[in-house]
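Residues per chain, in single letters:
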Number of protein chains: 2
Amino acid sequence: MGISHPTKSIAVPGRVAPRGRADLADALAVDTIHVGDCIAAIESLPAESVDLVFADPPYNLQLENALTRPDQSLVDAVDDDWDKFASFDAYDAFTRAWLKAVRRVMKKNATLWVIGSYHNVFRVGSALQDEGYWVLNDIVWRKANPMPNFRGKRFTNAHETLIWAAKGADAKGYTFHYDALKGGNDDLQMRSDWFIPLCTGGERLKDANGDKLHPTQKPEALLARVLLSSSNPGDVVLDPFFGTGTTGAVAKKLGRHFVGIERDPGYAAAAKARIDAVEPLSPDAIAPAPDKRAEPRVPFLSIVESGFVRPGERLICGRRRHEAVVRPDGTLSLGGIVGSIHKIGALAQGLPACNGWTFWHAERERSLVVIDQFRAQVRATMGAA
Amino acid sequence: MGISHPTKSIAVPGRVAPRGRADLADALAVDTIHVGDCIAAIESLPAESVDLVFADPPYNLQLENALTRPDQSLVDAVDDDWDKFASFDAYDAFTRAWLKAVRRVMKKNATLWVIGSYHNVFRVGSALQDEGYWVLNDIVWRKANPMPNFRGKRFTNAHETLIWAAKGADAKGYTFHYDALKGGNDDLQMRSDWFIPLCTGGERLKDANGDKLHPTQKPEALLARVLLSSSNPGDVVLDPFFGTGTTGAVAKKLGRHFVGIERDPGYAAAAKARIDAVEPLSPDAIAPAPDKRAEPRVPFLSIVESGFVRPGERLICGRRRHEAVVRPDGTLSLGGIVGSIHKIGALAQGLPACNGWTFWHAERERSLVVIDQFRAQVRATMGAA
DNA sequence: TTTCACTATGAATCTTCCG
DNA sequence: GCGGAAGATTCATAGTGAA
């Protein structure tokens, strides 16, 4: 990979080009860190070229005084110049500028993640709504080990907020690995509150003195959940506030490409070294989990033609309350009405709609077999062919 | 108590006057519901007269189509006129107007609570910062039983956000019952993420048909934690969007005074009847109650994220007859099939179901460790969850 | 009385393909 | 772009009534 100063870049070796764009004159150079101004760097990228954006912008913390713990040790606060803004207006102008620039380089169905705290997240959320983004979720990162409130004047600030947004309200084709997330969560839908520890220990980058290298390094587990939920292997992930490269490290590990932008050369160099040391997971470990929506369509007629169901046979609902007759053209008949497995299922129940695949069953050796199982068998033979 | 139409009010009998103001000519009439326009009613109140504000404004949900559950039943959505705004600008103007009016009637050290969802909370948060309020915390209400995402297109929207703000950055003398909250929370600081069930069952007000009377009635447990943390007995609590009077009911129960504003006479009448029926707690009983929960659910993904199990590692059953590969998204892979620890455990054994937590083991120093043990260790770190 | 089966419902910005 | 059809999709609680 590489680093670019305005506009110089360093590329990580041994990485492949992004899908289908390498031949373009203005092709996006991936697995690269751009060193320089965030907005100028974004504007140098091709339009509609990235699949996902993760942004961890300055929080504008507005800290006034030093803070000590009850044992009088000093809390190492975020007091960097990059986190200081003259006013809310200045912060808002900065926010709108980078959000606007980022939106231009997002593909039609790309999505954006932004992380923030109560200091800045309301400004960011309002700005992105104003810019035309469409909020899909706000996600709460519940910290396993937050810093306590040493003065006892407020609730322990134990979470940060991520906003997940599409490019617009009409962009319905965004990536979301619903089934994989559910499978990794005890077969329950993944909720909007995530419980993840802070980035500490060996994962936290240190300088020569053993002090933390970056004040707000995010845990890789957080980025992994973001990338696994809303991107595919081979996708390009843009991080306009790259810092020490957590997004890049996780992207490489999970088989995604990244484009990082970082204005501090020291952070960029640390990120490069960190990412170079990352070993990607094996392809079969990161292959997308099966997605029911991606399965090939199988007409019910194919089930009949394959002999799994005979023309003239009766199909029965799971509770044996309704039945219909299979016709040789792959429709069902019920009381003289003929229609698709879905239409007749809906008719039988008096409902506006019905998934016939899971509603109808066939009698096999005195027990009921759902016809969706026959579809799975037909699909298995399609894959083999 | 009483209800006032512009400006008529109903007062609850048997209530005491607020501390130290009953002798003023423009004294605040407490334990009263004002029926009428929110902003006009706030402007009719004396300046610097309330100790706490709780506001549950319209969320501006922007729902377009009907939504059905997988069983085809219709979701009873919030489609009331009061939640419809022409644009973000219209919503922002409304928000700034009530925030400005409310700030005038707040005492110097009063604080404000506002609840919202991602649809509106960024607008509200930005507006209150712009009006000079100083954010103290954002609080996440984690819902025990949220409505699922029926289309599988997003994360379950399982929380709402509350913003807690002081009148200004210099108002340091606000009420916060740090020790009471800590004592009611296993002697740990109360965190910014609260786990509370929805308002259902007997607590939910119903109309003559048995349908919910108000679409967005909040749970009393949520209001109780708000009032217990940031107000004192005898304080005056203003709620400019009173609805069916949850704030009033909890205030009366906890020995606080309330001022409610509600533009719908039907809601106001229901609120009055509800509050009249409330029996105040004895003074010694007014203390925060811990809500002990059952064991928190831990997704297998968290075990992977915590490093107890590595992506790519093999899990083995207790008799070493079956094995599967761990994927980074918290699913398992066996012979090309990907699914949850439970699904793959069942598949390996040819059974309809399986408890993956007790079935799968990891090899550690040549002996097998059941993955349920890792779950116990993760739970131990969750502490206050 | 207890248990079980079945139904109802909650602040929700909730589809995709083909002709 | 539009209309119609295919077809994918739910978790925690409460309540009711039968066994």
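Fair warning: this is a prediction, and the values are worked out from it, not measured in the lab.

Enquirer: Can you help me understand the packing of helix 6 (residues 246-253) of chain B against helix 7 (residues 265-276) of chain B in this one?
Expert: Geometrically, a packed helix pair is captured by the angle between its two axes and the distance between the axes. All names here are of chain B. Across the interface, helix 6 lies against helix 7 with an axial gap of 9 Å and an inter-helix angle of 20°. By the angle between their axes, helix 6 is roughly parallel relative to helix 7. Viewed along their axes, helix 6 and helix 7 form a crossing whose handedness is right-handed. Listed contacts from helix 7 to T246, G248, A249 and K252 of helix 6 are R274, I275 and D276.

Enquirer: Is there a simple way to think about the interface of chain B and chain A in this case?
Expert: One frequent convention defines the size of an interface as the accessible area lost when the parts assemble. The partner chain A presents 74 residues to the 72 residues of chain B that form the contact. Of the roughly 6500 Å² buried between chain B and chain A, counting both surfaces, carbon and sulfur atoms make up 52%. Here chain B and chain A share six salt bridges between them. Between the two partners, chain B and chain A, sit 44 residue pairs in polar contact (both at pLDDT 80 or more). Here the side of chain B that touches chain A is composed, by residue class, of 33 nonpolar, 22 polar and 17 charged.

Enquirer: Before we go on, may I ask you to explain unusual backbone geometry in this structure?
Expert: What you tend to see is this: most non-glycine residues have negative phi, and most peptide bonds are trans. One non-glycine residue, R320 of chain A, lies in positive phi territory at about 60°. In this fold, R320 of chain A is placed in the loop between strand 11 (314-317) and strand 12 (323-326).

Enquirer: Teacher, can you tell me more about the sheet that holds strand 11 (residues 314-317) of chain B here?
Expert: What links the strands of a sheet is backbone hydrogen bonding, and the strands pair in either a parallel or an antiparallel sense. All names here are of chain B. The sheet built from six strands is open, its strands ordered 14-13-12-11-15-16 with antiparallel pairing. Across the chains shown, the open sheet's two edge strands, defined by having one partner strand only, are strand 14 (337-339) and strand 16 (367-370). Across the sheet, the axes of successive neighbouring strands diverge by a mean angle of 40°, strand direction being ignored. Pairing of strand 13 (residues 332-334) with strand 14 involves three bridges; the strand directions are antiparallel. Bridge assignment links S333 to a residue of strand 14, and that residue is V338.

Enquirer: Sorry, what's going on with empty space enclosed by the protein here?
Expert: Picture a little ball the size of a water molecule; that probe, rolled over the atoms, points out where space is still empty. Scanning the entire structure with this criterion turns up five cavities of 30 Å³ or more. Counted as a void, the largest cavity has a volume near 100 Å³. Lining of the largest cavity is provided by 15 residues; of these, L228, R256, I286 and P288 of chain A together with D329 of chain B occupy positions nearest its centre. Within the lining of the largest cavity, the residues separate by chemical class into nine nonpolar, three polar and three charged.

Enquirer: Sorry if this is basic, but what is going on with the protein's contact with DNA strand D here?
Expert: The local shell around DNA strand D holds 28 residues, among which Y178, K182, H342 and R375 of chain A together with R151 of chain B are the closest. When the atoms of DNA strand D within 4 Å of the protein are grouped by moiety, sugar and phosphate amount to 69% of the total. Here a base oxygen of DNA strand D and a backbone polar atom of P146 of chain B are 3.4 Å apart. The separation between a phosphate oxygen of DNA strand D and a polar side-chain atom of R297 of chain B is 3.0 Å. Tallying contributions element by element places helix 4 (residues 178-183) of chain A first for the surface near DNA strand D, with three residues.

Enquirer: I'm lost on the sheet that holds strand 16 (residues 367-370) of chain A in this one. Help?
Expert: All names here are of chain A. One open sheet accounts for six strands, arranged 14-13-12-11-15-16; its pairing is antiparallel. One side of each edge strand has no neighbouring strand; the edge strands of this open sheet are strand 14 (337-339) and strand 16. Mean inter-strand twist for the sheet, computed between neighbouring axes without regard to direction, equals 40°. Looking at chain direction, strand 15 (residues 360-364) and strand 16 are connected through four bridges and run antiparallel. Residue pairing for strand 16: A362 is matched across the bridge by V369.

Enquirer: In this structure, what is going on with the protein's contact with DNA strand C? I would like to understand it.
Expert: Residues and elements named next belong to chain B. By nearness alone, 41 residues border DNA strand C, and Q62, R69, Y118, R151 and K153 come closest of all. In this structure, a base oxygen belonging to DNA strand C sits 2.4 Å away from a main-chain N or O atom of R151. K212 is positioned with one of its side-chain polar atoms (N or O) 2.9 Å from a phosphate oxygen of DNA strand C. By residue class, the composition of the surface near DNA strand C is 20 nonpolar, seven polar and 14 charged.

Enquirer: What exactly am I supposed to notice about helix 2 (residues 88-105) of chain B here?
Expert: Along an α-helix, residues three or four positions apart point the same way, because every turn accommodates 3.6 residues. All names here are of chain B. Here helix 2 contains 18 residues, and its C-alpha end-to-end distance of 26 Å stays within 8% of the 26 Å for a straight helix at 1.5 Å per residue. Every buried residue of helix 2 is accounted for by Y91, D92, T95, W98, L99, A101, V102 and V105. Turning to helix 2, the residues buried within the fold contact helix 1 (38-43), strand 4 (50-55), strand 5 (106-116), helix 3 (121-130) and strand 9 (236-239). Structurally, the start of helix 2 carries an N-cap: the backbone nitrogen of D89 is 3.3 Å from a side-chain oxygen of S87.

Enquirer: What am I meant to see in the nonpolar core here?
Expert: The nonpolar side chains of soluble globular proteins are, as a tendency, buried together. W98, L112 and L128 of chain A together with W98, L112 and L128 of chain B are the most contacted members of the largest nonpolar core, which has 70 residues in total. Apart from residues lying up to four places away in sequence, W98 of chain B is in contact with C38, I39, I42, A55, P57, L112, V114 and F241 of chain B.

Enquirer: In this structure, what is going on with the packing of aromatic side chains? I would like to understand it.
Expert: One pair of aromatic rings is described through two measures. These are the centre distance and the angle between the planes. This model, assessed by the stated rule, comprises 36 aromatic pairs over all chains. Here W164 of chain A and F176 of chain A contribute two aromatic rings whose centre-to-centre distance is 5.5 Å and whose plane-to-plane angle is 40°, an arrangement assigned as tilted. Residue W164 of chain A is located in strand 7 (residues 159-166), and its partner F176 of chain A is located in the loop between strand 7 and helix 4; the two are separated by 12 residues in the primary sequence. Here W164 of chain A and F176 of chain A have matching classes, each one buried. Between the aromatic rings of W164 of chain B and Y174 of chain B, the centroid separation amounts to 5.5 Å while the plane-to-plane angle is 85°, which identifies the pairing as edge-to-face.

Enquirer: Hey, could you run me through the side chain of R274 of chain B in this one?
Expert: All names here are of chain B. Positionally, R274 belongs in helix 7. By relative accessible area, which is 10% here, R274 ends up buried. Separated by 2.9 Å, the side chain of R274 and the backbone oxygen of T244 make a polar contact.

Enquirer: I would appreciate a short explanation of the pattern of salt bridges in the present structure.
Expert: Inspection of every chain in the model, using the stated rule, returns 42 salt bridges over all chains. D130 of chain B is the partner of R96 of chain B in a salt bridge, and the nearest nitrogen-oxygen pair spans 3.2 Å. Taken as a pair, R96 of chain B in helix 2 and D130 of chain B in helix 3 lie far apart in primary sequence, 34 residues in all. Among the charged side chains, a salt-bridge network with shared partners connects D92 and R123 of chain A together with R96 and D130 of chain B.

Definitions and limits used
- Residues numbered from 1 in each chain as written.
- Chains lettered and ligands numbered in written order.
- Predicted model: local features only at pLDDT ≥ 70, side-chain atom pairs only at ≥ 80, totals over all residues.
- Heavy atoms only, no water.
- Axes fitted to C-alpha atoms, helices over the stretch in contact; angles between N-to-C directions.
- Helix = DSSP H or I, 4+ residues; strand = E, 2+ residues; numbered from the N terminus.
- Parallel < 35°, antiparallel > 145°, perpendicular 65-115°, else oblique.
- Left-handed = near helix turned anticlockwise from the far one by under 90°.
- Contact = heavy atoms within 4.5 Å.
- Buried area = accessible area lost by both parts, 1.4 Å probe.
- Salt bridge = Lys/Arg side-chain N within 4 Å of Asp/Glu carboxyl O.
- Polar contact = N/O pair within 3.5 Å; in protein donor to acceptor, adjacent residues only side chain to side chain.
- Nonpolar A, V, L, I, M, F, W, Y, C, P; charged D, E, K, R; others polar.
- Pairing = 2+ DSSP bridges.
- 1 Å grid on protein atoms, 1.4 Å probe; cavity = no way out; pocket = protein on both sides within 12 Å on 5 of 7 lines; lining within 4 Å.
- Points joined across faces, edges and corners; volume = space filled by probe spheres on them.
- Near = heavy atom within 4 Å.
- Expected span 1.5 Å × (residues − 1).
- Buried < 20%, exposed > 50% of the residue type's maximum accessible area, 1.4 Å probe, protein only.
- Core = buried A, V, L, I, M, F, W, Y, C linked by side-chain atoms within 4.5 Å.
- Phe/Tyr/Trp six-rings, centres within 6.5 Å; stacked < 30°, edge-to-face > 60°.

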